[in-house]
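Observations on the three-dimensional arrangement
These are the residues of each chain, in order.
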Amino acid sequence: MRLVAAIETATAWVAAILLTLSGGMLSYEVVARYFFNAPTIWAAELSQMCLIWACPVAMGWALSHRRHIRVTAVTDLLPPRGKQVTEILSLLIILTFSAVVTIYGYDIFHDSFARGRTTGTMLDLPAWMPEAAVPAGFALLTLSCLTGLWRAVQGDIPEEEGMME
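Thresholds, definitions, all that
Residues numbered from 1 in each chain as written. Predicted model: local features only at pLDDT ≥ 70, side-chain atom pairs only at ≥ 80, totals over all residues. Heavy atoms only, no water. UniProt positions renumbered as here; feature names shortened; annotations may be inferred. Helix = DSSP H or I, 4+ residues; strand = E, 2+ residues; numbered from the N terminus. Buried < 20%, exposed > 50% of the residue type's maximum accessible area, 1.4 Å probe, protein only. Contact = heavy atoms within 4.5 Å. Axes fitted to C-alpha atoms, helices over the stretch in contact; angles between N-to-C directions. Parallel < 35°, antiparallel > 145°, perpendicular 65-115°, else oblique. Left-handed = near helix turned anticlockwise from the far one by under 90°. Nonpolar A, V, L, I, M, F, W, Y, C, P; charged D, E, K, R; others polar. Core = buried A, V, L, I, M, F, W, Y, C linked by side-chain atoms within 4.5 Å. Phe/Tyr/Trp six-rings, centres within 6.5 Å; stacked < 30°, edge-to-face > 60°.

1. A look at the UniProt feature "transmembrane region" (unreviewed entry) in the chain
- Using the residue numbers shown here, the UniProt feature "transmembrane region" (unreviewed entry) corresponds to residues 12–36, 42–64, 85–106 and 132–153.
- With 91% helix and 0% strand, residues 42–64 has its two end C-alpha atoms placed 35 Å apart.

Following this line, the structure appears as structure tokens:
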């Protein structure tokens with residue numbers, strides 16, 4: 001459990017760094033393009049790559065910290081056992097979905113890697129680079145689901161974090 005928590009924290013930091021880099025690259029591009037009339041060929045594509053990777057790798061952290069969108073109008077009215085059952089059911093659904101996406105996402109990534117596909121842009125990066133974000137992110141989400149499911153079965157359902165009224 002600690003290892004999974006450490007992985008989730010590390011990937012959340014990676015996502016934060018990638019988002020910061022993306023913002024920096026786009027800001028640089030705006031200044032270079034509009035103030036110096038010297039656009040880059042790399043800023044837009046590399047910032048997209050950062051965004052593509054940042055979102056999936058942070059999904060596990062978001063799940064374990066209960067930061068995904070949750071509709072709790074009915075579950076808040078349930079007794080503790082009912083909350084446990086709904087938590088287990090929701091985690092099973094997320095687990096199934098994330099496992100399927102991991103498998104099919106890996107197939108797409110592997111096919112592009114084996115065929116040597118590229119993005120077809122000015123940088124012409126290998127297509128597998130952004131495609132790998134899907135199986136990697138959903139594999140992390142699957143891992144987080146498994147640990148959350150283990151906790152839920154044992155009756156350890158965390159309190160809501162960061163609830164907004």
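2. Quick word on the side chain of Ser47
- Tracing the sequence through the fold places Ser47 in helix α2 (residues 43–57).
- Relative accessible area serves as the criterion here: at 2%, Ser47 is assigned to the buried category.
- Here Ser47 is in contact with Ser22, Met25 and Leu26, once residues within four sequence places are set aside.

3. Focus on the packing of helix α4 (residues 80–115) against helix α6 (residues 133–153)
- Direction vectors running N to C along α4 and α6 enclose 160 degrees, while the axes themselves pass 8 Å from each other. Relative to α6, the element α4 is oriented roughly antiparallel. Here α4 runs over α6; the crossing is left-handed.
- Split into classes, the residues belonging to the contact of α4 with α6 amount to 20 nonpolar, six polar and one charged.

4. Considering the packing of α2 against α6
- Contact pair α2 / α6: the axes reach a minimum separation of 8 Å and the direction vectors enclose 20 degrees. Relative to α6, the element α2 is oriented roughly parallel. For the crossing formed where α2 meets α6, the hand is right-handed. The segment α2 lies against α6, with Ile52, Trp53, Pro56 and Val57 engaging Ala133, Ala136, Gly137 and Leu140.
- Its residues placed into classes, the contact of α2 with α6 shows seven nonpolar, one polar and no charged.

5. Points about the nonpolar core
- With 11 residues, the main nonpolar core is built from Met59, Leu63, Ile88, Leu91, Leu95, Val101, Phe138, Leu141, Cys145, Leu149 and Ala152.
- Within the residue set of this core, elements represented by two or more residues are α3 (59–64), α4 and α6.
- In contact with Leu91, not counting residues within four places along its chain, are Leu63, Cys145, Gly148, Leu149 and Ala152.
- In terms of nonpolar packing, the next biggest core, distinct from the first, is built from seven residues, Ala15, Leu18, Met25 and Ala54 among them.

6. What to know about the packing of aromatic side chains
- With the rule as written, the count across this model stands at six aromatic pairs.
- Residues Phe97 and Phe138 carry aromatic rings whose centres are separated by 6.0 Å and whose planes lie at 75 degrees to one another, so their mutual orientation is edge-to-face. On the criterion of sequence distance, the pair formed by Phe97 in helix α4 and Phe138 in helix α6 is long-range, its members being 41 residues apart.
- Seen in terms of ring centroids, Tyr106 and Phe109 are 5.7 Å apart; in terms of plane orientation they differ by 55 degrees. Their pairing is tilted. With Tyr106 and Phe109 both in helix α4 and three residues apart, the pair spans about one turn of that helix.
- Among the aromatic residues, those joined into a cluster by ring pairs are Tyr106, Phe109, Phe113 and Trp128.

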